[in-house]
Amino acid sequence: MALRIIREIGEDCLRCVCKEVTEINPRILELIEDLKDTMYNADGVGLAAPQVGVRKRVAVVDVGDGPVVLINPEVVSAEGEQTGNEGCLSVPGKCGIVTRPMKVKVRTRNLDFEWEEIEGEELFARAMLHEMDHLDGVIYVDKVEGELQDVESQ
Ligand code: NI
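Just so we're clear, the structure is a prediction, and the values are computed from it rather than from any experiment.

### Some details on unusual backbone geometry
Part 1: Its identity as a non-glycine residue notwithstanding, Asp 43 has a phi of 60 degrees, on the positive side.
Part 2: Here Asp 43 shows up in the loop between α1 (26-41) and β1 (46-48).
Part 3: Within the chain, Glu 122 stands out as a residue other than glycine whose phi angle is a positive 50 degrees.
Part 4: Residue class for Glu 122 comes out partly exposed when judged on its relative accessible area of 47%.

Have a look at this one:
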């Protein structure tokens, strides 16, 4: 198990547009494993490579149904709307209200570097979209409605 340091808002790596992954190699596989370890260790539901200082289009999400790996992910379609509370491991101690699509279809490379489609709704859709924003240097605070709130004693 290898934990990486989670970068916090204000650091440049969180504001970059990340580079596409061009192949699955041992470095990418190690990055994915470390992202999972680091996410679970921090009790997060998602973590993107730029959050650990790596400018690649890779993220992991787990909303309770097991880990999902996103590599070069793209939104294929989105429908509906959900408004709810969101937080980010790179913005510790804070949360805020963000409106996102209720359902989303995402195209992503899998570990064999083949394209596949993943459909998600509610929290899973929100988590995938939040992580995909990170790959373009976008943090949820950019989209928050009203003020950021303090998370009660966590
Ligand atoms: Ni985040």
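### So, the pattern of salt bridges
Between side chains of opposite charge, a pair can form as their charged atoms come close.
Part 1: What the rule picks out here adds up to 11 salt bridges.
Part 2: Note that Lys 94 is salt-bridged to Asp 150, the shortest N-O span being 2.5 Å. Taken together, the positions of Lys 94 in strand β5 (residues 94-100) and Asp 150 in strand β8 (residues 145-150) put the pair 56 residues apart, joining distant regions of the chain.
Part 3: Three or more residues are tied together by salt bridges with common partners; here these are Glu 86, Arg 100, Arg 126, Asp 133 and Lys 143.

### Details of a negative patch on the surface
Part 1: Residues Glu 79, Glu 117, Glu 119, Glu 121 and Glu 122 make up a contiguous surface patch of negative charge.
Part 2: Of the residues forming the negative patch, the biggest block, 3 residues, is contributed by strand β7 (residues 115-121).
Part 3: Locating Glu 117 in the fold gives a position in strand β7.

### Here we look at the sheet that holds β7
The strands that make up a sheet pair up through hydrogen bonds in the backbone, lying either parallel or antiparallel.
Part 1: The strand order across the open sheet built from 5 strands is β1-β2-β3-β6-β7, with neighbouring strands paired in antiparallel fashion. The strands lining the two open edges of the sheet, one partner per strand, are β1 and β7. In this sheet, adjacent strand axes meet at a mean angle of 35 degrees when their direction is disregarded.
Part 2: Sheet topology note: the β1/strand β2 (residues 58-61) ladder contains 3 bridges and is antiparallel. When the bridges of β2 are listed, Ala 48 appears paired with Ala 59.
Part 3: The sheet strands contacting α1 are β1, β2 and β3 (68-79), and the helix crosses β2 at an angle near 40 degrees.
Part 4: Here helix α2 (residues 122-134) sits on the sheet and contacts β1, β2, β3, β6 (103-109) and β7; the angle it forms with β7, its principal contact strand, is near 125 degrees.

### Concerning α1
Owing to its 3.6 residues per turn, the α-helix aligns residues three or four sequence positions apart on the same side.
Part 1: Relative to the 22 Å expected for 16 residues at 1.5 Å per residue, α1 spans 22 Å between its end C-alpha atoms, a close match to the ideal helical length.
Part 2: Buried within α1 are the following residues: Ile 28, Leu 31, Ile 32, Asp 34, Leu 35, Lys 36, Asp 37, Thr 38 and Met 39.
Part 3: Tucked inside the fold, the buried residues of α1 contact β1, β2 and β3.
Part 4: If you check the start of α1, you find a side-chain oxygen 3.1 Å away from the backbone N of Arg 27, and it comes from Asn 25.
Part 5: In the stretch just after α1, Asp 43 is the one whose phi turns positive, near 60 degrees.

Conventions we followed
Residues numbered from 1 in each chain as written. Predicted model: local features only at pLDDT ≥ 70, side-chain atom pairs only at ≥ 80, totals over all residues. Heavy atoms only, no water. Helix = DSSP H or I, 4+ residues; strand = E, 2+ residues; numbered from the N terminus. Buried < 20%, exposed > 50% of the residue type's maximum accessible area, 1.4 Å probe, protein only. Salt bridge = Lys/Arg side-chain N within 4 Å of Asp/Glu carboxyl O. Patch = residues over 30% accessible without salt bridge, like charges linked within 9 Å, V, L, I, M, F, W, Y side chains within 5 Å. Areas by Shrake-Rupley, 256 points an atom, 1.4 Å probe, with all protein chains shown as cover. Lys, Arg positive; Asp, Glu negative; His and termini not counted. Charge placed at Lys NZ, Arg CZ, Asp CG, Glu CD. Pairing = 2+ DSSP bridges. Axes fitted to C-alpha atoms, helices over the stretch in contact; angles between N-to-C directions. Contact = heavy atoms within 4.5 Å. Expected span 1.5 Å × (residues − 1). Polar contact = N/O pair within 3.5 Å; in protein donor to acceptor, adjacent residues only side chain to side chain.

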